[in-house]
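# Examining the three-dimensional arrangement
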Amino acid sequence: MLHPDRRDPPLRRAMTLVEILVVIVIIVVLAGLLLPAIALVKQRAHHRTALHTVGEVLSAIEAYRDEDQRHRYPPVNADASLSLRALPGPGEGVLELLDRKGLWSPAVAVKDDQGRLLDPFGAPYRYTLARPAPTAPSGALEDWNWDPVAGHERRWGRRPLADGTIADGPEAYPYVWSLGRGGSLTDATTWIYVKDGR
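Rules used in this analysis
Residues numbered from 1 in each chain as written. Predicted model: local features only at pLDDT ≥ 70, side-chain atom pairs only at ≥ 80, totals over all residues. Heavy atoms only, no water. Helix = DSSP H or I, 4+ residues; strand = E, 2+ residues; numbered from the N terminus. Buried < 20%, exposed > 50% of the residue type's maximum accessible area, 1.4 Å probe, protein only. Contact = heavy atoms within 4.5 Å. Areas by Shrake-Rupley, 256 points an atom, 1.4 Å probe, with all protein chains shown as cover. Phe/Tyr/Trp six-rings, centres within 6.5 Å; stacked < 30°, edge-to-face > 60°. Lys NZ or Arg CZ within 6 Å of the ring centre and 35° of its normal. Core = buried A, V, L, I, M, F, W, Y, C linked by side-chain atoms within 4.5 Å. Lys, Arg positive; Asp, Glu negative; His and termini not counted. Salt bridge = Lys/Arg side-chain N within 4 Å of Asp/Glu carboxyl O. Polar contact = N/O pair within 3.5 Å; in protein donor to acceptor, adjacent residues only side chain to side chain.

Looking only at helices and strands, one finds 2 helices and 6 strands in the chain. Counting helices and strands in the order they occur from the N terminus, the chain gives α-α-β-β-β-β-β-β. The buried share among the 198 residues of the chain stands at 30%. When contacts within the chain are restricted to residue pairs at least 6 apart in sequence, long-range pairs at least 24 apart make up 59% of them. As displayed, the chain has an accessible area near 13,500 Å², and 59% of this comes from carbon and sulfur atoms.

This is how it looks when you write it as structure tokens:
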């Protein structure tokens with residue numbers, strides 16, 4: 001016999017397969033929208049890290065020159081990669097100088113088995129005392145040690161001539177840069193360096 005005051009418990013309605021698939025599709029679409037933004041933030045962080053490291057290394061190279069008795073810059077590797085080890089001959093490497101000055105921690109430095117400092121993109125930082133000459137693009141690097149009025153690189157310092165006179169001259173200038181993400185030595189569009197006026 002049925003009692004009129006007794007109620008049946010409400011039926012629980014379960015999610016259907018279609019509803020579950022719709023939720024999964026929404027989650028996948030949202031993740032697809034977020035991943036490029038996260039990759040862009042990561043790339044910008046790598047760029048800032050490389051630019052900061054280039055500035056620190058430039059400071060260390062200038063300190064190296066100031067401490068050298070003959071006011072020379074550190075030696076340059078044949079492949080223009082920045083070596084952290086002391087090259088053959090007197091003096092310490094750039095890494096040792098950075099560590100001694102408290103500008104760098106050797107434990108943090110990412111380097112390869114040849115002692116070259118690696119940028120966040122996995123390529124060695126570059127260092128040379130001669131202006132780099134990439135093949136492309138033609139108007140590149142005009143904001144890097146460049147005199148736009150004279151149309152050539154800036155002259156650094158004055159040098160004595162054999163007759164005892166002093167002449168303006170192209171004293172060595174340290175160029176330090178990262179090739180950037182997927183960069184090459186021939187294409188300067190991805191290079192990361194400290195620009196003039198900063």
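Per the stated rule, a full pass over the model turns up 1 aromatic pair. Seen from the ring of Tyr193, Lys195 lies directly overhead, with NZ or CZ sitting 5.9 Å from the centre.

Listed in full, the 12 residues of the largest apolar core are Ala50, Val54, Val57, Leu58, Ile61, Tyr73, Leu82, Leu117, Tyr125, Tyr127, Val176 and Ile192. Ranked by the residues each element gives to this core, the list is headed by helix H1 (residues 17-67), at 5 residues. Every residue in contact with Val54, bar those within four places of it in the chain, is listed here: Tyr125, Val176, Trp177, Ser178, Ile192, Tyr193 and Val194. By size, the runner-up hydrophobic cluster in this structure holds 9 residues, among which are Tyr173, Tyr175, Trp177 and Tyr193.

Another point: the side chain of Asp119. Looking at the secondary structure, you find Asp119 in the loop between helix H2 (94-100) and strand E1 (126-128). The buried charged residue Asp119 lacks any salt bridge partner; its closest oppositely charged side chain belongs to Arg126, at an N-O distance of 7.6 Å. In terms of polar contacts, Asp119 uses its side chain to reach the backbone amide nitrogen of Phe121, at 2.9 Å. Polar side-chain contacts of Asp119 include one of 2.9 Å to the backbone nitrogen of Gly122. Beyond its immediate stretch of four places on either side in the chain, Asp119 contacts Tyr125, Ser178, Leu179 and Gly180.

A few words on the environment of Asp119. For Asp119, a relative accessible area of 4% translates into the label buried. Between the C-alpha atoms of Asp119 and Val54, which are 65 residues apart in sequence, the distance is 9.3 Å. Reaching out from Asp119, the side chain makes a polar contact with the side chain of Ser178 at a distance of 2.7 Å.

These figures capture arrangement, not role.
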